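Working through the structure, step by step
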Amino acid sequence: MTKSTQAIDDFLNSSRLTHVAMNKDGTRILAVVDTVEVSGQVSSALYQIDQEKQVPILLASRQQRVTSVCAAGAEKIYLSEQLAGQSGNIVVEIEENGEGREIARVERVFSMDSNEHTGTVLIQCIAPDRVDRRTSDYLQHRLRQHYPVRTNDTGTVEILEIFTLDTVTRKLRRHHQDLAQLSIEHQVFPHPDGLRVLANRVRHSRGEIRIDLVLADLINGTVEVVHEEADSRLLAGPISMDGKYAAVQEMHLNERSERRSLTVVDLVAFSRSSLVSGWDRWPTPLAWYPKEKSILVRADDDGNTSLFKASVDRDCVEKLADDEGAYGTSLIHPRTFDIYSVHATMRNSGHLTRVRNRIATTLGIPEDQPQFEGKQHAITILNRDGIPIKCWLTLPHTAGSETPVPLVVWVHGGPAVSWAGWRWARSPWPLVAQGMAVLMPDIAMSTGYGQDFIDRGWGDWGGTPLNDLLDVTSEVGQRSDIDVTRKAVIGTSFGGYLATWAAARTKEFQAAISHAGIWDLELFHPTTDDPARFRRRMPAAMRRPHSPRWWVHEIDIPMLISQGGRDTCVPREQAFLQWSELLSSSNLSEDDQGQSPHRFLYLPTEGHRISTIHGTREWYRAVTGFLNERFFVAKSEEPACQSSDDCITPVRGNSDG
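Keep in mind it's a predicted model, so treat the numbers as computed, not measured.

Describing the environment of leucine 583
Positionally, leucine 583 belongs in helix 9 (residues 572-585). Given the relative accessible area of 15%, leucine 583 is considered buried. Discounting residues that sit within four places of it in the chain, leucine 583 has contacts with Ser589, Glu590, Ser596 and His598.

Below is the structure:
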């Protein structure tokens, strides 16, 4: 095994905190930690927090990966586990001795919620659509009457299935089949009455989709439309304990640029009111505080993803924690109002953390974290207009004035997101382990710096964001520990687009890498899976002038492009077209002997994001191999791809898997 492969395997095989849960009275706080074996097999361990000592106690070790966990009352714990070699899950009740008792077999579980008032557990599954519900034949072909083709249509057609588990009789009830119309791409929130859920539903109109907010009846499958998308889209959120209100994120779609705000919806009158309207952030509601009209909210804020408390009555917001990094899944203790949350940084993949009185305390789950050789700094660079751009610079220990290292500039996707926190498939550490410095800037359109920062790049994808990218690259390139003759730009999705655009329109870099990047904005807009949203993000006048495709003849540096075969956000045809035209029309096109420095990694079973361990490993191997070949850094014993056929899986027959 080479040094490169070993570093990537060690990185991916690290333990990871995947699920947290709490029962209604807060006496039980659970966490699930996954361990990845070298073979790729995943096992899970279930922990409970000793709330007196605030330390974890191991309750059970499971041989299969746990996909969801639920605490029902003071005694009962339910898990869903992946069936070995199958797509379905089993629902397991954990007994006092840590052993599991199988309750039922269902499809792929993504959520379990306990309702202690009704003595039930609501189980949400993503299931293959059946040709006939009396058979096990799955629907793999669909005669469509609407556009677009959504993410769940790229293989076996998938739908939402909802079950209720009676915790006394252990009987499982499948709810009405009409619930399949609810969106599986948005979260579903149970109503406290145990009879309804708040969800989103896709509605088709004029060749595009609209996302409506609905209340769905679990018994008869009927839906009440709470809000129809027009100038705004409401994304389902948590319901207050009395069942009267829901906190949702509102996406304002028909303005100069996309804006998001916190909105409270009356679930009786179906009216809505904006909350903390003067707050210049994009908030996501997480939970209602018990016995008061306040909402726990998460929002990007100056390079971090922080927790806030938004008051409904006083229309104000309070920051709950000031530490760096990103807070994810968060639960409110019903008696102490402490927050138990998954907190991650760029160096830490996620710890269970308690937030009390603005002080965050790590609770020791998981016990081990990936150990990285290198140093990381948060820096702020002023761009050409004097606007501060926050960046993270990660350097290998070998970097110094006598031994300057190559620089890889990594552009995030989105484009309206931030680099805050942890991403398994977009991490600097596998590159730093190869002796490269990695710069990760929050350029124009990043969230957490105010709406004006987003607006300055909106409708100008190849303009202001590129200028920010060039400005931060130039500034960091002046460091004595950086070798300015060896610079690469890399990105995924929007970041992949900008990396390609930089390769076509500048002479700043010596190599470029794009995963799921857009090559032709004109072809992308009508073929993506949410045309209405991207139509608003890409004014018609921008699409052709800002498309890298029309500047392919200017690309004179090697490019590595990669693509997931099941990606419907950026359809794979974008990558195929780019690959073809790089080989035929770039300044480094294929010669008469079929040689070119360009490379293409095709991942047929991945979607827009690289989500599997195997796919992530192959992608990092391709990226580090490509950069090693370009920059002669820590030369890998593995040969880099020597021809296009080594890196691309031809699309023939059923190669999508």
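Focus on the sheet that holds strand 36 (residues 599-603)
Read across the sheet, eight strands follow the order 29-30-32-31-33-34-35-36 without closing on themselves; strand pairing throughout is mixed. Each of the sheet's edge strands pairs with one partner strand only, and the pair in question is strand 29 (375-382) and strand 36. When strand polarity is set aside, the average angle formed by the axes of neighbouring strands in this sheet is 20°. Note that strand 30 (residues 388-395) and strand 32 (residues 437-441) share four bridges and pair antiparallel. Looking across to strand 32, one finds that cysteine 391 is bridged to proline 441.

Thoughts on helix 4 (residues 464-476)
Over its 13 residues, helix 4 extends 19 Å from the first C-alpha to the last, a length consistent with the 18 Å expected when each residue adds 1.5 Å. Considered for burial, the residues of helix 4 that qualify are Thr464, Pro465, Leu466, Asp468, Leu469, Leu470, Asp471, Val472, Thr473 and Val476. Looking at the packing, one finds that the buried side of helix 4 touches strand 29, strand 30, strand 31 (405-411), strand 32, strand 33 (482-492) and helix 5 (494-505).

Digging into the pairing of strand 22 (residues 294-301)
Counting buried positions along strand 22 yields seven of eight residues, so the element is predominantly enclosed. Between strand 21 (residues 283-288) and strand 22, which pair antiparallel one after the other, the connecting turn spans five residues, and lysine 291 there sits at a positive phi close to 65°. Taken together, the eight bridges between strand 22 and strand 23 (residues 304-311) define a ladder with antiparallel strand orientation. Pairing of serine 294 across the sheet is with serine 311, part of strand 23. Counting the residues in the hairpin turn of strand 22 and strand 23 gives two residues, including aspartate 302, whose phi is positive at 55°.

Considering helix 10 (residues 613-631)
Structurally, the α-helix is built with 3.6 residues per turn, so residues lying three or four positions apart point the same way. Look at helix 10: 27 Å from first C-alpha to last across 19 residues, which is about the 27 Å you get at 1.5 Å a residue. In terms of burial, helix 10 is a largely internal element, 14 of the 19 residues being buried.

Thoughts on the side chain of arginine 62
With respect to the element layout, arginine 62 can be found in strand 4 (residues 55-62). Judged by relative accessible area, arginine 62 falls into the buried class, the value being 14%. Of note is the side chain of arginine 62, whose polar atom sits 2.2 Å from the side chain of glutamate 81. Non-local contacts of arginine 62, meaning those with residues more than four positions away in its chain, are made with Ser43, Ser44, Leu79, Glu81, Val92, Ile94, Gly98, Glu99 and Gly100.

So, a negative patch on the surface
A cluster of like negative charges, contributed by Glu75, Glu95, Glu96 and Glu99, occupies part of the molecular surface. Here glutamate 99 shows up in the loop between strand 7 (89-94) and strand 8 (100-106).

Topic: the pairing of strand 34 (residues 511-515)
Where burial is concerned, most of strand 34 is hidden: five out of the five residues are buried. The pairing of strand 33 with strand 34 spans five bridges and is classified as parallel. Residue pairing across strands places valine 489 opposite alanine 512, the latter belonging to strand 34. Handedness of the crossover is the feature at issue here: the chain leaves strand 33, passes through helix 5, returns alongside strand 34, and the resulting connection is right-handed. Both strand 34 and strand 35 (residues 559-564) contribute to a ladder of four bridges, which runs parallel. Note that in strand 35 the partner of histidine 515 across the bridge is serine 562.

Considering the environment of histidine 546
Structurally, histidine 546 can be placed in the loop between helix 8 (540-543) and strand 35. The exposure class assigned to histidine 546 is buried, which follows from its relative accessible area of 14%. Separated by 27 residues in the primary sequence, histidine 546 and tryptophan 519 place their C-alpha atoms 9.6 Å from one another. The residues contacting histidine 546, other than those within four sequence positions of it, are Asp460, Trp461, Gly462, Gly463, Tyr497, Trp501 and Leu521.

Side note on the nonpolar core
Judged by nonpolar contacts, the single largest core of 94 residues is most densely connected at Leu431, Trp461, Leu469, Leu498, Trp619 and Leu627. Among the elements that make up this core, the one with the highest residue count is helix 5 (eight residues). Each residue touching leucine 469, except ones within four places of it in the same chain, is listed here: Val409, Val411, Ile443, Val489, Leu498, Ala502 and Phe509.

Let's talk about the side chain of asparagine 304
Mapping asparagine 304 onto the fold places it in strand 23. With relative accessibility at 14%, the residue asparagine 304 sits in the buried group. Here the side chain of asparagine 304 touches glycine 325 through a polar contact of 2.9 Å, landing on its backbone nitrogen. Once you skip the residues sitting within four places of it in the chain, asparagine 304 turns out to touch Ala299, Asp323, Glu324, Gly325 and Ala420.

So, the sheet that holds strand 17 (residues 232-235)
Reading across the sheet, the four strands line up as 17-18-19-20 and stay open at both edges, with antiparallel pairing between neighbours. The sheet terminates laterally at strand 17 and strand 20 (272-275), the two strands that pair on one side only. Direction aside, neighbouring strands of the sheet carry axes that sit 40° apart on average. The pairing of strand 18 (residues 245-252) with strand 19 (residues 259-266) spans eight bridges and is classified as antiparallel. Along strand 19, the bridge assignment pairs methionine 251 with arginine 260.

Points about the pattern of salt bridges
One pass over the full model with this rule turns up 27 salt bridges. Among the salt bridges present, the one from aspartate 212 reaches arginine 203, with a minimum N-O distance of 2.6 Å. For aspartate 212, a relative accessible area of 0% translates into the label buried. A residue is classified by how much of its surface remains accessible, and arginine 203, at 21% relative accessible area, is partly exposed. The salt bridge involving arginine 572 is made with glutamate 573; its shortest N-O contact spans 3.7 Å. Taking relative accessible area as the criterion, arginine 572 reaches 17% and is therefore assigned buried. Three or more residues joined by partner-sharing salt bridges are found here, namely Arg281, Asp301 and Lys319.

Rules used in this analysis
Residues numbered from 1 in each chain as written. Predicted model: local features only at pLDDT ≥ 70, side-chain atom pairs only at ≥ 80, totals over all residues. Heavy atoms only, no water. Helix = DSSP H or I, 4+ residues; strand = E, 2+ residues; numbered from the N terminus. Buried < 20%, exposed > 50% of the residue type's maximum accessible area, 1.4 Å probe, protein only. Contact = heavy atoms within 4.5 Å. Pairing = 2+ DSSP bridges. Axes fitted to C-alpha atoms, helices over the stretch in contact; angles between N-to-C directions. Expected span 1.5 Å × (residues − 1). Polar contact = N/O pair within 3.5 Å; in protein donor to acceptor, adjacent residues only side chain to side chain. Patch = residues over 30% accessible without salt bridge, like charges linked within 9 Å, V, L, I, M, F, W, Y side chains within 5 Å. Areas by Shrake-Rupley, 256 points an atom, 1.4 Å probe, with all protein chains shown as cover. Salt bridge = Lys/Arg side-chain N within 4 Å of Asp/Glu carboxyl O. Lys, Arg positive; Asp, Glu negative; His and termini not counted. Charge placed at Lys NZ, Arg CZ, Asp CG, Glu CD. Right-handed = clockwise from strand over helix to strand, strands pointing away. Core = buried A, V, L, I, M, F, W, Y, C linked by side-chain atoms within 4.5 Å.

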